[in-house]
Every structure is written in C-alpha cells, then in structure tokens.
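Residue-level listing of the chains:
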Amino acid sequence: MSFTFPLASFALLSVLYIVYRRLTNISVAEIPGPKPESYALGNLRQYFQSQAGEIDFQWQEAFGDVVRFKGPFGEDRLLVSDPKALQYIYQTAGYNFAKQTERREVSRLLSGRGILWADGHEHRRQRRIMNPAFGAKESKAFVPIFSSYAAKLGNKWKDVIFASQDQTSIVDIPAWVSRATLDAMGAAAFDYQFQTLDNDSNELGNAYSNLCMDVFGSLSASDIFKQSLAPYIPGFLLRIVGDRAPNHRLEHLRKSSVVAIRVAKSLIDSKAEALKLGKGNRDIMIRANVSEDERTRMSEEEMISQLRTLLLAGYETTATSLTWALLEIARHTDVQLKLRHEIREKEREINARGDTEFTASDFDAMPYLTAVIKESLRYHPAAYSTYREAVRDDVLPLSRPITTNSGKIITEIPVPKGIKVVTSINGYNRHRDVWGPDAHTYNPDRWLTPKSMEKAAFVGVYGNLLSFAGGVRSCIGWRFAVLELQAFVVELVNTFEFSLTPEARRVRREACLVMAPTIEGEVEKGSQLPLVIKIATREN
C-alpha cells in the first residue's frame, strides 16, 4: 500500500481546514514571535532541529514568556514558559489542555495504551489504580535495592580501573548507567532480575539501546513535514501508518515494542501465578490486575502498557537524568568535593549508629545532595517540553503583562479550541523571575538559600521544578526516580572521582523525545558521554 496519495490528500485538506479555523476562531496573531521560515513548515525546522532548549532560550529572550510560532501552512502555535500560564495549564485547567493527538500516537507506539497515552477519564482511572504503588512509603522501601545496583555498577567500574596501568579509566556514562537503572527498575518494581549489567547481549537492553536517538533524533525537514501532517489524518489511518508504514524509524520502534511486549507479558504471567501461590506482595499493579473490584482492575493490555512505560522510564529517563548530573559533577570540582564531603560525613554517622547502608531518611538529611539533585534536574530536564492542545476556548493568565504586536498591553491571552501549545520545561526551569538572575548557571547553592528563588506560581511536584511536569499529568513515579538518583549519586560520588574528557567538552543536548547527551561531530554514534573516572581518595 502506498501512503503518498492519502498523505498528499490530507495535506490539501489540512490547508483548507486551517483556513476555515483561522476565519472562524479566536486569534493569537497579535502575540509576538519569530517570522516563519516557510509556509509549509513555519518555524518547525528551527524548533525540532535545534539542540534541546536552545531555541526556547532564544525566543524567550527575544519575544517573552509566551511566543507565537508557526506550524505547517501558517498555523499558529504557542511556546509557553510563563509560570502563571503553566500553572493554569497543568494545575487549574488539567484535562482541558489535552495531549496532542499525534503525541498520543507516539505514546501508543512507544509504550501502548497506558498512562502515557491515556487522557481525560481514562487517564484518571489508570492513575487512580497505579497511585498506591508510587506513594512516599512505597518508594522509600526500594532504597536498599537502588543502592545495591549502584554498588554493583561501582564494582564493575572498579574492575575496569584496577585492570588499567594508571588506575584510571574512561567510561561511557549512558551506556553503563542505563543498564544499571533498568536492572534496578526490574528488581524494585517487579522483583525480576534483568541482569543487563552482566549481559551485553540482553534482548531488552539492546532493544532500548539508543531507541530515542534512532527514532526521534536528527529529524530532516522531510521528517518534520510528514510528522506535521499527523494531526489532520483520521485516527484509524494514523494508527495504520504507525503500525505498517515502511519507515526505518517506525520499524525500529515496532521491533523494540515486540520485545518489550513479550517481556512485559512474561512478567505479568509469572507474577500472577506467584500471586495465586501467595507470593508477589511487592507487585501492587499485578495485584490490581486480578482484583475483583472493576474500579481497581486493568485489562491485560493496560497492564502490559504500564509495565512497558516503567521499563522504558527505568532505562531512559532516570538514566538520562543521572548522566547529566554526573556531567555537572565532573565539570564542577568544587561541587564534587563538597558533595563527597557531605556523603562521607553522613557515612560516618551511619557507621556510628551501627548501620552500613544509607536510608531515605539519610538522604533527606543531606541538604547538599538534595541541592545537587534538584539543580541537575533544573538545568538538564530529561523531558524538555510537553505538547498540549486546548479542548475548548480558554484564557491563559500571565505572570507579567506582555505587549502585543499592535502595542496593546495584556495580562491574559484568549486561546481558541484546538490551538497547539508547547510547554517549555527548559524555558521555565531557566526562568530568571523564578530562579534568579543566574538561572542559566549551574549553581546548587541556590537551593541552600531559598530566598534567592521566587515562587511566582506553584507549577511542579518537586522543588517547584517542571522536570516531572505537574498537575494531573505529573510523573507518577517522581519519588521513585528521585530516590534512585540519590542512591546512585551517593554511591558513585563516594567511590569515584569524575573528570572531563576532551569529548565531554563538546557535549550536545540532543532533542530526541528525551534530552540525550551526544558529542559534537559524532551525533551519528548516538547517545554518549565519556568521562574519566578513578578511585576517590580517602582521608586517613
């Protein structure tokens, strides 16, 4: 089946539809923004071919906290980093700013019809079922597991160092930590041993390796144009394209999905059987699947989708956040030394009370560790933007008045039903009104002096950051992720000294659904971040 004719037909229909909408709907044409590069692509090439956050910062500086930019065929879109507008979108309006149709299709292909795909009532139902698995108490119980896999990664690195003549080594951080975090996710969430740290040929690890870079990175103008037509293609045809179209990016996505579905189904079957035998107490979602209460039961398809979501999160997003944190620790020797000092001070306290392991309470009592984690998430959010669409005519409130193209000063922006809104996580996380005049500087000390930061509006769930989104669609596993980051950072910084390689000085923030580290001039090699490691010395 050829997809050229139907896509061309819908491209023509999209132009007619956009013209109709423009004549009948509320207009945002007076909101300042960049001139489009072309009628067919608008500003989409600029947005999708720049490094993550780069164009956000440029447009924010030039046009303000709400920027009108062009989609295909002259369609107006908004890029939003205004704190009050973001609070309204995430917290107040909730499901009235739904996930964009084409982005839901991406979620379906990536992880199935689970919590990332669902919206409205369906999302509310799935989240209500899953919430008990990710409470504070439940998440804290996993700290020993996180710490054990961090130590296992450390032992692997020690073997590499001891085998070298100069007792130093260069390690590719994402290649190692993605395997460690996937193993930790399997053990913590499913009581399952993936053993990707021990097995380079692990099927699931290989299926997820560089998945986001290969599928969503380095988009050509043709790729961007094809994707921009997705909103105007009927849902059934869009699903056919996603499931069958001969495209190398989609083929990689489909192959990884086959592996992930098989692994997830195997996990569900084995854990359901264990539950019948009175085992598997840790698997809250598995218990929900066999509940007699329909309100707390998910279908097998939903269960598979939720497990795929968690597996990908364990492999990709947590590992990406840890990678960026270790880069900044390597860049800033003063931060590294101060953090290691705090870790070892706490370690002595733990030993003095007769224990050997860090607990969640110990992490909470380490203010500089918390500051480093928060600052790393602020400065390098793994998810750098979200894509929403107004389901009705609405009004966005503003933190600061803006001046329109006609010179009018406004304190709110009427937006039409159907307008596409990009929420700039990078733009908000570097907003000077929120984080201070040095918002574009990596500085953990800002978290030790809270008065240096202004909370213009409550937006995010952790430190008022937008790194885990906010409101009804905030990351359900954010506590889980923070504790895992803390456990890995404590173990690795306590054990190793990190420093930059020449390649690490050329790191790029690659936009590929997540913000992956690549090396300038070597983007085709995929995600990588080589750092020098050696054993950290201890005082006598």
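Model, not experiment: these values are computed from the prediction. (Residues numbered from 1 in each chain as written. Predicted model: local features only at pLDDT ≥ 70, side-chain atom pairs only at ≥ 80, totals over all residues. Heavy atoms only, no water.)

**Student:** Quick question: what am I supposed to make of the pattern of salt bridges here?
**Tutor:** Side chains that differ in sign of charge can pair as their charged atoms come close. Taken as a whole and assessed by the stated rule, the structure comprises 38 salt bridges. Ionic pairing is found between K156 and D198, a salt bridge with its closest N-O pair at 2.8 Å. Residue K156 is located in helix 8 (residues 143-162), and its partner D198 is located in the loop between helix 9 (173-190) and helix 10 (203-208); the two are separated by 42 residues in the primary sequence. In this structure K156 comes out as partly exposed when scored by relative accessible area, which is 24%. Assessed through its relative accessible area of 44%, D198 is described here as partly exposed. We note a salt bridge from R508 to E520, for which the minimum N-O separation is 3.3 Å. With a gap of 12 residues between them, R508 in strand 10 (residues 507-512) and E520 in the loop between strand 11 (514-519) and strand 12 (530-535) connect regions that are remote in the sequence. You can call E520 partly exposed: its relative accessible area is 40%. (Salt bridge = Lys/Arg side-chain N within 4 Å of Asp/Glu carboxyl O. Helix = DSSP H or I, 4+ residues; strand = E, 2+ residues; numbered from the N terminus. Buried < 20%, exposed > 50% of the residue type's maximum accessible area, 1.4 Å probe, protein only.)

**Student:** How should I be thinking about the nonpolar core in this particular structure?
**Tutor:** The nonpolar side chains of a soluble globular protein tend to be buried, and buried together. Of all hydrophobic cores here, the largest spans 154 residues; its most connected members are L78, W157, I413, F498 and L531. For this core, the element with the highest residue contribution is helix 16 (residues 300-331), accounting for 14 residues. Those residues in contact with L531 that lie beyond four places of it in its chain are S169, I170, V171, I173, L326, L327, A330, F498, S499, L500, T501 and A504. (Core = buried A, V, L, I, M, F, W, Y, C linked by side-chain atoms within 4.5 Å. Contact = heavy atoms within 4.5 Å.)

**Student:** In this structure, what is going on with helix 8? I would like to understand it.
**Tutor:** Note on helix geometry: an α-helix contains 3.6 residues per turn, so any two residues three or four positions apart are oriented the same way. Taking 1.5 Å of rise per residue, 20 residues should cover 28 Å, and helix 8 covers 28 Å from first to last C-alpha, within 8% of that figure. Regarding helix 8, the residues found buried are V143, I145, F146, S147, Y149, A150, L153, G154, W157 and I161. (Expected span 1.5 Å × (residues − 1).)

**Student:** What is the right way to read unusual backbone geometry from this model?
**Tutor:** Phi is mostly negative for residues that are not glycine, and the peptide bonds are mostly trans. For D191, which is not a glycine, the phi torsion comes out positive at approximately 55°. Of the residues examined, D191 reaches a relative accessible area of 44% and is grouped as partly exposed. Phi at L513 is positive, roughly 75°, even though this residue is not glycine. With respect to the helices and strands, L513 occurs in the loop between strand 10 and strand 11. Of the residues examined, L513 reaches a relative accessible area of 28% and is grouped as partly exposed.

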